[in-house]
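Geometric and topological summary
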Amino acid sequence: MQTTLIEKIKEQLMALDSAAISDAMDSLHIPAGLAGIIPRNSGVKIAGPAFTVRYEPIIPEQGKFLNAGNYIDEVPVGHVVVVDNQGRTDCTSWGNILTFKAIQKGIAGSVIYGSARDLSEVRRLAYPLFTTGIYMVSGKNRAKVVETQCTLKIGDVVVSPGDWIFADDNGALVIPQQHLLTIIERAENVEKTEQAIIEAITNGEDLVSAREKLGYAVPWKHDS
């Protein structure tokens, strides 16, 4: 995807929120939300292509050191790191060193199906981090990277390289690349419909009639 197109798509997505995008994806019957993954800094919003990383558990060998992963050098500017560490809460797959490097490289943010640590530094640096858990125990000698830029399955949601990640205070979701433009258009219509309903009830209309008149049942079909 060309850089100019990526920037245009990012600009459109950043004007939306995850609720509108989720509703748009519901209209196409596409599972999107990464359940259980929550923001670790409030008030942040990210959008960008996914750079995927898959970990697997390992049994540590006494006296042998295994690094958890140095994939960060491969991640392009503006991408979102998506790590599948199987939702583990007994060890981490993100911390302060990866955070510093991600900021240095211009990475948009990180979504971790698993745990992270060094939360005080992550918050001090205002890095957009979304994780299943927070824990202090390192992933070194407990998990290893087995593949990057691979297809992941997190819950019921498939994440492939090139899919887009959007995350905000509500959580994180995945937008399949092949449906991206349709979903953006529908999400914009969802927001227009909801704003029209809010305006109507602000002006004294009852909620039932406002919803019925303005198409709340199919908000992605907003008639401007």
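Per an unreviewed UniProt entry, the recorded name for the protein chain is Putative 4-hydroxy-4-methyl-2-oxoglutarate aldolase, and the organism is Xenorhabdus hominickii.

1. So, the state of the cysteines
Defined simply, a disulfide is a covalent bond joining two cysteines at their sulfur atoms. On inspection of all chains with the given rule, the structure shows zero disulfides. Take C91: it sits in no disulfide, and the sulfur closest to it among the cysteines is that of C150, at 17 Å. Assessed through its relative accessible area of 6%, C150 is described here as buried.

2. Notes on the environment of E188
As for its placement among the helices and strands, E188 is situated in helix α5 (residues 180–202). Residue E188 is classed as partly exposed on the basis of its relative accessible area, which comes to 27%. Sequence separation between E188 and E74 is 114 residues; the distance between their C-alpha atoms is 33 Å. Apart from residues no more than four positions distant in its own chain, E188 is found in contact with Q12 and L16.

3. Side note on the UniProt feature "binding site: substrate" (unreviewed entry) in the protein chain
Within the UniProt annotation, "binding site: substrate" (unreviewed entry) is assigned to G95, N96, I97, L98 and R117. Taken together, the annotated residues stretch across 23 residues yet fold into one region, lying no more than 10.6 Å apart by C-alpha. By secondary structure assignment, the location of G95 is in the loop between β3 (80–84) and α3 (96–105). The exposure class of G95 is buried, given its relative accessible area of 10%. Setting aside its immediate chain neighbours within four residues, G95 contacts R117 and D118. Secondary-structure assignment places N96 in helix α3. Discounting residues that sit within four places of it in the chain, N96 has contacts with D118 and E121.

4. Details of the packing of aromatic side chains
Overall, the coordinates contain one aromatic pair when judged by the stated rule. Residues W94 and Y127 carry aromatic rings whose centres are separated by 5.8 Å and whose planes lie at 5° to one another, so their mutual orientation is stacked. Placement of the pair is W94 in the loop between β3 and α3 and Y127 in the loop between α4 (119–124) and β5 (129–134), with a sequence separation of 33 residues. You can call Y127 buried: its relative accessible area is 2%.

5. Points about unusual backbone geometry
The phi dihedral of D118 is positive, around 60°, even though this residue is not glycine. D118 sits in the partly exposed class, given a relative accessible area of 26%. The backbone of N141 shows a phi angle near 70°, a positive value even though the residue is not glycine. Mapped onto the secondary structure, N141 falls in the loop between β5 and β6 (143–148). Of the residues examined, N141 reaches a relative accessible area of 17% and is grouped as buried.

6. Re helix α2 (residues 18–27)
When α2 is considered as a whole, its buried residues turn out to be S18, A20, I21, A24, M25 and S27. For α2, the secondary structure elements touched by its buried residues are α1 (3–14), β9 (164–168), β10 (171–175) and α5. A distance of 3.2 Å separates the backbone nitrogen of A19 from a side-chain oxygen at the start of α2, and that oxygen is part of D17. The positive-phi residue at the C-terminal boundary of α2 is H29, with phi of around 60°.

7. Re the nonpolar core
One finds L13, I21, W164 and I175 to be the most contacted residues of the largest nonpolar core, which totals 20 residues. At the level of secondary structure, the elements contributing two or more residues to this core comprise α1, α2, β9, β10 and α5. For this core, the domains that each give at least three residues are domain 1 (31–175) and domain 2 (183–214).

What counts, and where the lines are drawn
Residues numbered from 1 in each chain as written. Predicted model: local features only at pLDDT ≥ 70, side-chain atom pairs only at ≥ 80, totals over all residues. Heavy atoms only, no water. Disulfide = S-S within 2.5 Å. Buried < 20%, exposed > 50% of the residue type's maximum accessible area, 1.4 Å probe, protein only. Helix = DSSP H or I, 4+ residues; strand = E, 2+ residues; numbered from the N terminus. Contact = heavy atoms within 4.5 Å. UniProt positions renumbered as here; feature names shortened; annotations may be inferred. Phe/Tyr/Trp six-rings, centres within 6.5 Å; stacked < 30°, edge-to-face > 60°. Polar contact = N/O pair within 3.5 Å; in protein donor to acceptor, adjacent residues only side chain to side chain. Core = buried A, V, L, I, M, F, W, Y, C linked by side-chain atoms within 4.5 Å. Domains from an automatic or database assignment.

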